Amino acid sequence: MHHVGIIGTGSYVPEKVLTNHDLEKMVETSDKWILERTGIRERRIADENETNVTMGRHALERAIKKARIDRTDIEMLIVGTNTTDPTWPSAAGHIAQLLNLRKNIPFFDLQAGCTGFNYSLAMGEQFVKSGQYKTVAVVGSDKLSAITDYEDRNTCVLFGDGAGAVVLQRGDKEGIIRSHLGGAYQSRLALDLRKKGENGHRFMWMDGRKVYAFAKGAMAESCLRVLDPGGMASKEDLCALFNRVDGIVPHQANVRIIHSAAEHLESKVGLPDGAIKKKMIITIEKYGNNSTASIPLALDEAFQEGRLRKGNLVILVGFGAGLTYGANLVRL
Ligand code: ACO
């Protein structure tokens, strides 16, 4: 088996900012409610010409630049996304064409809700680990504003748009160590698309409380499974494993979900209050939940701001529509 390193990260968000105060004028809500219940102050919204393709293209272009590779070095492109419109052909093919990637490479979209980036990364990891490809690009890009009902206060305050990308390459040092993927298809209708109005446009609908309850347990489980895949470690060993983790990049859905997952882990493992919470990288205040973009975007920002550095041990952990969940343990 080969080592798989993340050799470049990139991200992109649209210019337009939608603040909580803007939302106060659109639905019955308040800046105070949104901030207290979700941790979000503002989110970015794509304009009519921006799509998951155009945002994903910018993010990947930046990741390629940081990786210092030529775009023709990429041998496979995986795009985690939920908002390709029309759903076929894929966003991946369009991004490959816009970036003029090498001809004849495989490319595809992977739909797994907001966990799409974790799933896509795990997929890319396998192709490089097995030796089949040396360099694989993974993108998470979503335009959730296209399926958000701006008359529904239960959902419209949460979501935004954006993209993130990483370049994976075979190397001689430890990189992506392990991934864990999970799902709960029995709860698939907790996050759904429902028709509204005469034109039958389909908007996101969710059972917020159900998703919330699922998310904290699922994220905690995935963090444990990447550190202790066999589930045999003692509490003492688990504490030592978590103490070695420098940062956790969670899906940015709700700051309370992130904190609940951290508290759940702290009590399960027996670590003091705040020991895991302080490792959480949080960007939700500025971007809200931008689905598959949220983890690679937060990772890229944490790198740029020096919060995470080369050599750090990091867990990327998410959950989303499906319902799905998953994590990747990575030495940066
Ligand atoms: N402003 C003011 N009041 C609101 C708003 C709002 N924007 N939205 C809901 N409320 C009201 C509700 O109507 C409810 O009123 P009621 O008691 O009179 O019925 C009240 O606030 C409390 O509602 P709760 O559901 O208890 O609020 P909660 O604290 O659980 O927060 C939230 C709601 C933020 C939606 C939370 O449940 C959550 O984050 N759930 C997870 C959602 C999520 O992450 N979804 C995305 C998954 S990822 C993907 O794949 C897209």
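These figures come from a predicted structure and were not determined experimentally. Per chain, the residues get numbers from 1 upward, laid out in the order the sequence is written. For this predicted model, a pLDDT threshold of at least 70 governs which residues receive local features, and a threshold of 80 or more governs which side-chain atom pairs are given and counted, while totals over whole chains, interfaces and linings are taken from all residues. Note that the side-chain values use all heavy atoms of the structure and ignore hydrogens as well as water.

Topic: the site of the ligand
Inference 1: Here a residue is considered near a molecule or strand provided that any single heavy atom belonging to it is located within 4 Å of it. For the ligand, the set of nearby residues contains 25 residues, the closest of which are Thr29, Arg37, Cys114, Arg209 and Asn254.
Inference 2: With respect to the ligand, the side chain of Arg37 contributes an N or O atom lying 2.7 Å from an oxygen atom.
Inference 3: Any N or O atom pair separated by 3.5 Å or less is treated as a polar contact, with the protein-specific requirement of one donor-capable and one acceptor-capable atom, and with residues adjacent in sequence counted only for side-chain atom pairs. Arg256 places a polar side-chain atom, nitrogen or oxygen, 3.1 Å from an oxygen atom of the ligand.
Inference 4: To measure how exposed things are, a 1.4 Å probe is used in the Shrake-Rupley method; for residues, cover is taken only from the protein chains shown. Out of a free accessible area of 1000 Å², the ligand has 78% covered by protein chains.
Inference 5: Looking at the shell around the ligand, the elements that each hand over two or more residues are helix H2 (31–38), helix H6 (153–156), helix H7 (208–227), helix H9 (255–269) and strand S12 (313–320).
Inference 6: In this text, helices come from DSSP runs of H or I with a minimum length of four residues, and strands from runs of E with a minimum of two, each type numbered from the N-terminal end. Sort the elements by how many residues they give to the shell around the ligand and H7 lands first, with four residues.
Inference 7: We call Asp, Glu, Lys and Arg charged. Ala, Val, Leu, Ile, Met, Phe, Trp, Tyr, Cys and Pro are nonpolar, and the rest, Gly among them, are polar. By residue class, the composition of the shell around the ligand is 12 nonpolar, eight polar and five charged.
Inference 8: For every domain, the bounds stem from an assignment made automatically or drawn from a database. Viewed by domain, the shell around the ligand spans two of them, domain 1 (3–172) and domain 2 (177–331), each represented by three or more residues.

Comments concerning the domain arrangement of the protein
Inference 1: With domains assigned, the protein is organised as domain 1 (3–172) and domain 2 (177–331).
Inference 2: Relative placement of domain 1 and domain 2: their C-alpha centres are 16 Å apart.
Inference 3: Any two residues having at least one pair of non-hydrogen atoms within 4.5 Å are treated as being in contact. Contact residues are listed per partner, giving 50 residues for domain 1 and 47 residues for domain 2.
Inference 4: Accessible area, probed at 1.4 Å, shrinks when two parts are joined; the buried area is that loss added up over both. Counting the surface lost from both domain 1 and domain 2, the interface buries some 3700 Å², and carbon and sulfur atoms represent 57% of this.
Inference 5: For the domain 1 face of the interface with domain 2, the top three residues by lost area are Cys114, Asn118 and Ile147, together amounting to 16%.
Inference 6: The working definition used for a salt bridge is a side-chain nitrogen of Lys or Arg within 4 Å of a carboxyl oxygen of Asp or Glu. One can count four salt bridges joining domain 1 with domain 2.
Inference 7: Taken together, the connections running from domain 1 to domain 2 amount to 28 residue pairs in polar contact (both at pLDDT 80 or more).
Inference 8: If you list the elements that add at least two residues to the side of domain 1 that touches domain 2, you get strand S1 (3–12), H2, strand S3 (42–44), helix H5 (116–129), strand S6 (135–143), H6 and strand S7 (161–171).
Inference 9: By residue number, the principal contributor to the side of domain 1 that touches domain 2 is H5, which donates eight residues.
Inference 10: For the side of domain 1 that touches domain 2, the class distribution of residues is 17 nonpolar, 20 polar and 13 charged.

Some points on the nonpolar core
Inference 1: For our purposes a nonpolar core is just a set of buried Ala, Val, Leu, Ile, Met, Phe, Trp, Tyr and Cys residues, chained together by side-chain atoms within 4.5 Å. Residue exposure (1.4 Å probe, protein chains only): buried if accessible area is under 20% of the type maximum, exposed if over 50%, otherwise partly exposed. One finds Phe242, Ile276, Ile315 and Phe319 to be the most contacted residues of the largest nonpolar core, which totals 54 residues.
Inference 2: Sorting the residues of this core by element identifies strand S10 (201–206), H7, helix H8 (235–244), H9, S12 and strand S13 (324–331) as the ones contributing at least two each.
Inference 3: In terms of residue count, H7 provides more of this core than any other element does, 10 residues in total.
Inference 4: A domain-level breakdown of this core finds at least three residues from each of domain 1 (3–172) and domain 2 (177–331).

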